[in-house]
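Working through the structure, step by step
Here's the letter readout for the chains.
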Amino acid sequence: MAEARLEVKLLAGTPNAIPLIYAAFRQCYSPGFVGDLWPRLMQGEISPEKQAGFIAKVLESGHDSPVEHVSYSFAVQGISRALTHQLVRHRIASYSQQSQRYVDESDFEYVLPPAIARIPQAREKFERFMLEAGRAYRELKAILQEHDRGNKAGEDARFVLPQASESKIVVTMNCRSLLHFFELRCCRRAQWEIRKMAWKMLKILKDELPVIFHHAGPRCERLGYCPEGERFTCGHKPLRTPAASA
Ligand SMILES: Cc1cc2nc3c(=O)[nH]c(=O)nc-3n(C[C@H](O)[C@H](O)[C@H](O)COP(=O)(O)OP(=O)(O)OC[C@H]3O[C@@H](n4cnc5c(N)ncnc54)[C@H](O)[C@@H]3O)c2cc1C
């Protein structure tokens, strides 16, 4: 029973991301066929800087769909089930999550919320409960195995595992989904754990594909104001004025 540490790794991204987005945009505005342009793009006929400049300009107009042709896949570990439950609510994405049915959780790791870690009394209670949950899981699994649940014992014993129990997941999103995900989950309104993970993913993508992710982040960065209203605003940006909402 140990505390888990967040790790975010980029596994793969669509190759030739910039030419691909550029070609998709060009197909929208040109009478020609980008299938013919593609070999020339691959040969470097149009510099990556020129392509990136064109992409940035068109994106500003709100024409987003060409960025859907490029996707990124991340492997994430050291996250709680509380986080993955929020993550998988994002429907325009693909997920493969470690199974609690097939993977033994006898020594499950857990995510310790910083606010609990800071208060010795709270931390002690939390860690005691993790030990107790682990013990209950192991004992239940053993009892179920004795009663002919065989290798299915884990799938029932896991019902006593806490939301804090650690999980691992592979997530793939296209760039449009990622931009939307960052708008919601990099915001200080989002829950701290998913926000931390979102910022780690964004940091990787800012290096990987700056033309798309350079300005990405919470919604207020794009809007110039906070859309969360008086009750939830963090104060990073001013609230929407009547003129801005008109
Ligand atoms: C701060 C915060 C608090 C939250 N609190 C709660 C909560 O208390 N309870 C709760 O249940 N959820 C909560 N959520 C989750 C939220 O409601 C969304 O389910 C989640 O953020 C996924 O967002 P999405 O649907 O925009 O993303 P995606 O599912 O990835 O969808 C992306 C976009 O595609 C479009 N889209 C996708 N599916 C449909 C559809 N069926 N119909 C129409 N358009 C569609 C929408 O434009 C959507 O924005 C919270 C989220 C945040 C960020």
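The text that follows walks through the structure, step by step, so that each part is easy to find.

Scoring rules and cut-offs
- Residues numbered from 1 in each chain as written.
- Predicted model: local features only at pLDDT ≥ 70, side-chain atom pairs only at ≥ 80, totals over all residues.
- Helix = DSSP H or I, 4+ residues; strand = E, 2+ residues; numbered from the N terminus.
- Rg over C-alpha atoms; globule rule 2.2 N^0.38 Å.
- Contact = placed C-beta atoms within 7 Å.
- Buried ≥ 20, exposed ≤ 12 C-beta atoms within 10 Å, placed from the backbone.
- Axes fitted to C-alpha atoms, helices over the stretch in contact; angles between N-to-C directions.
- Parallel < 35°, antiparallel > 145°, perpendicular 65-115°, else oblique.
- Left-handed = near helix turned anticlockwise from the far one by under 90°.
- Nonpolar A, V, L, I, M, F, W, Y, C, P; charged D, E, K, R; others polar.
- Expected span 1.5 Å × (residues − 1).
- Pairing = 2+ DSSP bridges.
- Core = buried A, V, L, I, M, F, W, Y, C linked by C-beta atoms within 7 Å.
- Domains from an automatic or database assignment.

1. A word on the overall build of the protein
- In terms of regular secondary structure, the protein is built from 13 helices and four strands.
- On C-alpha atoms alone, the protein measures out to a radius of gyration of 23 Å, which is more than a quarter above the 18 Å that the 2.2 N^0.38 rule sets for 246 residues.
- A principal-axis box enclosing the C-alpha atoms of the protein has dimensions of 70 × 45 × 25 Å.
- Counting only contacts in the protein whose residues sit at least 6 apart along the sequence, the fraction spanning at least 24 positions is 73%.

2. Structural notes on unusual backbone geometry
- Phi at Asn 16 is positive, roughly 55 degrees, even though this residue is not glycine.
- Relative to the helices and strands, Asn 16 resides in the loop between strand S1 (7-13) and helix H1 (17-29).
- Its 13 C-beta neighbours within 10 Å are what place Asn 16 among the partly exposed residues.
- Of note, Asp 148 is a non-glycine position whose phi angle comes to about 70 degrees, a positive value.
- Within the secondary structure, Asp 148 is located in the loop between helix H6 (120-146) and helix H7 (153-157).

3. With respect to the packing of H1 against helix H2 (residues 34-42)
- Contact geometry of H1 with H2 gives a least axis separation of 10 Å together with a crossing angle of 150 degrees. If you check the angle between H1 and H2, you find them roughly antiparallel. Note on packing geometry: the crossing formed by H1 with H2 is right-handed. Of H2, the residues touching H1 (which contributes Pro 19, Tyr 22, Ala 23, Arg 26 and Gln 27) are Val 34, Leu 37, Trp 38, Leu 41 and Met 42.
- Considered class by class, the residues forming the contact of H1 with H2 number eight nonpolar, one polar and one charged.

4. Topic: helix H3 (residues 48-60)
- Across its 13 residues, H3 extends 18 Å between first and last C-alpha, which sits within 8% of the 18 Å expected from 1.5 Å per residue.
- A positive phi of about 95 degrees marks Gly 62, the residue just after H3.

5. Brief notes about the sheet that holds strand S2 (residues 71-80)
- Taken together, four strands build an open sheet; the order of strands is S1-S2-S4-S3 and the sheet is antiparallel. The outermost strands of the open sheet, each flanked by one partner alone, are S1 and strand S3 (94-97). Going across the sheet, the axis of each strand differs from the next one's by a mean of 20 degrees, ignoring polarity.
- One ladder, built from four bridges, connects S3 with strand S4 (residues 166-174); its direction is antiparallel. Across the sheet, the residue bridging to Ser 96 is Val 170, located in S4.
- Contacts from helix H9 (residues 192-208) reach S1 and S2, with the element oriented near 40 degrees to S1.

6. With respect to the nonpolar core
- Judged by nonpolar contacts, the single largest core of 38 residues is most densely connected at Ile 21, Leu 178, Phe 182, Met 197 and Ala 198.
- Mapped by element, the contributors of at least two residues to this core are H1, S2, helix H4 (81-87), S4, helix H8 (175-185), H9 and helix H10 (210-213).
- Shared between two domains, this core takes at least three residues from each, and those domains are domain 1 (9-74 + 168-245) and domain 2 (111-164).

Keep in mind these numbers describe shape, not what the thing actually does.
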